[in-house]
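# Descriptive analysis of the structure
Okay, here's what each chain looks like letter by letter:
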Amino acid sequence: MNIFSGIEILFFWLGVLTTLSVGVLFYLNRAYRFDWKSWSLSGMGVFLLIFCVAWSASSVLEGEPQAAALGLVFFGCPAVVFFLLARRLVIPGKNAEND
Amino acid sequence: MDREKEENSQALNRRDFIKLGAVATTLGATSLAAAQSQSIKELAEHNKQMGIKAAEKAFEFDNTYKPFEQKNNIFMATLTGRLPALRKKMMGFHGPGDIDPETPGMDRLDYALKEGGYAGVEYMAPGTPASIPNTGVNTWKQRTQADKHHPFDYQYLFEDQYHFQDKEQATNAVKKAAKLYGADLAGITPRNPKFDYAKFIDPLHKKEFGWEEFPFEPKSVIVLGFEMDYEAYTTAPTYVSEGATGDAYSRITKTTHQLAVFLRILGYKAVASCNDTGLNIPYAISAGLGEGSRMGLLITPEFGPRLRIGKVYTEFDVCNYDQPIQFGVTDFCERCMKCADACPASAISRDKKPSFRPTHGNKNTFFNNKGVKKWHLDAEKCFGYWMEINAGCGACIAACPYNKPGFWHHRLVDRLTAASPGPLHDLMREMDDIFGYGNTHDGRAVKEFWKNKDSI
């Protein structure tokens, strides 16, 4: 019995994902002390990640697989880049440690 | 000291987290409340949210404009033999002899879908999609109590008029009834003789007549929009997409007839109309349903061009008339050209700007409504392609970037499009292609249509 539509289930899980992401950011902040640049980059990463999931899942639901795949590329890749940049700022690499 | 500072910092973070949660909850609750209170009464707020502003100028006429004559539209011109080659082809149109099992979307299954779609309109008001007025339930006759069909027939024109509390109540009541009966969009506009056919013909009964035969002086036109199925239109041009067209016409006929009866019982004379009696698109623009476009069709914020229009002429005028809207369609159409590229008959103008006169180069221009600024279609080429494939086309509708399902991300892109300057529209169009929207002549789409269980 389909009580909820696909889009309702999607937005429920987006809510879960948003809450978890914000929680993880605050948890990491306790461990690594984010500065404003780290907050900005990781915040952008979380926003793009959630947008990517929302876009791609919505495209699958509407029967447009190409739009779903391109959504992963256009919004998912920049999200990963933002997370990697934020990680570099928060956890300095070996070279930085040697300095 | 550092430890204390860190604890303070963490306490601040926790407070921030709680604040953030409170703000998010407030925003969520506000959005939910706004969504739940969405009603016809709050249409203005809805339009504001959709990025719509009242149009300053919905139409530009020059001093040569004359009301269009029904005999000049492409259906009537073909039926009456003014375009003999098309007429010859048309006589074999819509028949089971056109079934082609080898072509995707043109099989007997697809043909059955198309004919089933049209079954309602062809039974209730035959010929009305081809603009024939005063037919079937779209009759102009205003039955009174003396004309009852049977003792239990109470669907006649009441002598006294119902008194609404105010215009707002009247407007809401009419739109509420229209939506209950099946309309997806509803707007009310004053009757404008510029948008009405100057004269009428009924080629099925070989009759010509004028407005003197209309049973009353209409004051208002209630314009209704009916969505066509998105998935069926991904198959355009096929019998499957035409099934969606036919189904929309059947729903129009049912709903406009019901609304006309509703008005008559309230004591207001009313005539249901589909493609007959007047021009749907200017009336729909005037009633605030959407904007005109390069392909000549109405573009609505909700469904893009993927809808059909019905209307009810009535003497009811105790209402607040809707205003035309603008949400950036004309600007976008100037650069997009996706419909013109997709048109298999090359019938759609590629001019950057709209004009008062057709520029398509066809020696026949009688089917163009001249004197109003718009992109003029070569209807002979367009209809000729219909005759070639033995089906209604709709490739322009399928290709249009505004033709999207009702998902949130398309509404977001529409708002960005409306807010962005012209050069970004080129990018929007390219992205539409890259993301795989707007394909036409796609045999796989037909298979997907019949296979997809999610939409059952």
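In this report, we go over the structure that sits alongside the text.

Each value, and the rule that gives it
Residues numbered from 1 in each chain as written. Chains lettered and ligands numbered in written order. Predicted model: local features only at pLDDT ≥ 70, side-chain atom pairs only at ≥ 80, totals over all residues. Helix = DSSP H or I, 4+ residues; strand = E, 2+ residues; numbered from the N terminus. Rg over C-alpha atoms; globule rule 2.2 N^0.38 Å. Contact = placed C-beta atoms within 7 Å. Axes fitted to C-alpha atoms, helices over the stretch in contact; angles between N-to-C directions. Parallel < 35°, antiparallel > 145°, perpendicular 65-115°, else oblique. Left-handed = near helix turned anticlockwise from the far one by under 90°. Nonpolar A, V, L, I, M, F, W, Y, C, P; charged D, E, K, R; others polar. Buried ≥ 20, exposed ≤ 12 C-beta atoms within 10 Å, placed from the backbone. Core = buried A, V, L, I, M, F, W, Y, C linked by C-beta atoms within 7 Å. Pairing = 2+ DSSP bridges. Expected span 1.5 Å × (residues − 1).

Quick look at the overall build of chain A now. Of the regular secondary structure elements, chain A holds four helices and zero strands. When the helices and strands of chain A are placed in sequence order, the string is α-α-α-α. Taken over C-alpha atoms, the radius of gyration comes to 17 Å for chain A, far larger than the 13 Å a tight globule of 99 residues would show. When its C-alpha atoms are laid out on the principal axes, chain A stretches across 60 × 25 × 20 Å. Long-range contacts, defined here as pairs at least 24 residues apart, represent 75% of the contacts in chain A between residues at least 6 apart.

Next up on the list: the packing of helix 2 (residues 36–61) of chain A against helix 3 (residues 65–90) of chain A. All names here are of chain A. It is at 8 Å that the axes of helix 2 and helix 3 come closest, and there the two elements cross at 165 degrees. With respect to helix 3, the element helix 2 is oriented roughly antiparallel. Seen along the crossing, helix 2 lies across helix 3 with a hand that is left-handed. Across the contact of helix 2 with helix 3, the residue classes break down as 21 nonpolar, seven polar and one charged.

Another point: the environment of Asp35 of chain A. Residue and element names in this part refer to chain A. Relative to the helices and strands, Asp35 is located in the loop between helix 1 (6–32) and helix 2. Under the C-beta neighbour-count criterion, Asp35 is labelled exposed, with 10 such atoms within 10 Å. As for Asp35 and Ala79, which are separated by 44 residues in sequence, their C-alpha atoms are 19 Å apart.

The next point concerns the nonpolar core. Of all hydrophobic cores here, the largest spans 100 residues; its most connected members are Ile222, Val223, Leu224, Leu263, Ala284, Val312 and Cys396 of chain B. Leave out the neighbours within four places in its chain, and Ile222 of chain B touches Val174, Ala178, Ala186, Ile188, Leu259, Lys311, Val312 and Thr314 of chain B. Residues Leu41, Leu48, Cys52 and Ala86 of chain A belong to the second largest nonpolar core, which totals 10 residues.

Residue and element names in this part refer to chain B. Reading across the sheet, the four strands line up as 2-5-7-6 and stay open at both edges, with antiparallel pairing between neighbours. Strand pairing shows two members of the sheet lacking a second neighbour, strand 2 (185–190) and strand 6 (270–273), which therefore form its edges. Looking at each pair of strands side by side, their axes are set apart by 20 degrees on average, direction ignored. Note that strand 6 and strand 7 (residues 307–314) share four bridges and pair antiparallel. Within the sheet, the bridge partner assigned to Val271 lies in strand 7 and is Tyr313. Contacts between helix 6 (residues 167–181) and the sheet are confined to strand 2 and strand 5 (220–227), with strand 2 contributing the most and set at about 140 degrees to the helix. Taken strand by strand, helix 8 (residues 239–265) contacts strand 5, strand 6 and strand 7, and its axis lies near 20 degrees from that of strand 7.

Residue and element names in this part refer to chain B. Orientation of helix 5 (residues 108–124) relative to helix 8, taken along the N-to-C sense of each, is 20 degrees, at an axis distance of 7 Å. It follows from the interaxial angle that helix 5 and helix 8 lie roughly parallel. Crossing angle aside, the handedness with which helix 5 passes helix 8 is left-handed. Residue composition of the contact of helix 5 with helix 8, grouped by class: 10 nonpolar, nine polar and five charged.

On to helix 15 (residues 422–434) of chain B. With 13 residues, helix 15 of chain B should cover 18 Å at 1.5 Å per step; its first-to-last C-alpha distance of 19 Å lies within 8% of that length. Looking one or two residues beyond helix 15 of chain B, the residue adopting positive phi is Gly436 of chain B, at roughly 85 degrees.

On the chain A side, the residues contacting the 13 residues of chain B number 11 residues. Contributions of two or more residues to the side of chain B that touches chain A are made by helix 1 (2–36) and helix 14 (408–419) of chain B. It is helix 1 of chain B that provides the largest number of residues to the side of chain B that touches chain A, a total of three residues. For the side of chain B that touches chain A, the per-class residue count stands at seven nonpolar, five polar and one charged.

Attention shifts here to the environment of Glu159 of chain B. As for its placement among the helices and strands, Glu159 of chain B is situated in the loop between helix 5 and helix 6. Taking C-alpha positions, Glu159 of chain B is 5.8 Å from Gly267 of chain B, a pair spaced 108 residues apart along the chain.

Residues and elements named next belong to chain B. Most of strand 7 is tucked away, with eight of its eight residues classed as buried. Every second residue of strand 7 is oriented toward a common face, with Leu307, Ile309, Lys311 and Tyr313 on one face and Arg308, Gly310, Val312 and Thr314 on the other, all of them buried. In this sheet, strand 7 lies alongside strand 5 in antiparallel orientation, the contact comprising eight bridges. Among the inter-strand pairings, Gly225 is bridged to a residue of strand 7, identified as Ile309.

Residues and elements named next belong to chain B. Across the junction of Ala236 and Pro237, the peptide omega takes the value 0 degrees, indicating a cis bond. On the secondary structure map, Pro237 appears in the loop between helix 7 (230–233) and helix 8. The phi dihedral of Asn134 falls on the positive side, at around 55 degrees, and the residue is not glycine. Topologically, Asn134 is positioned in the loop between helix 5 and helix 6. According to the C-beta neighbour criterion, Asn134 is buried, with 23 such atoms within 10 Å. Here the phi dihedral of Lys206 falls at roughly 50 degrees; this positive angle occurs in a residue that is not glycine.

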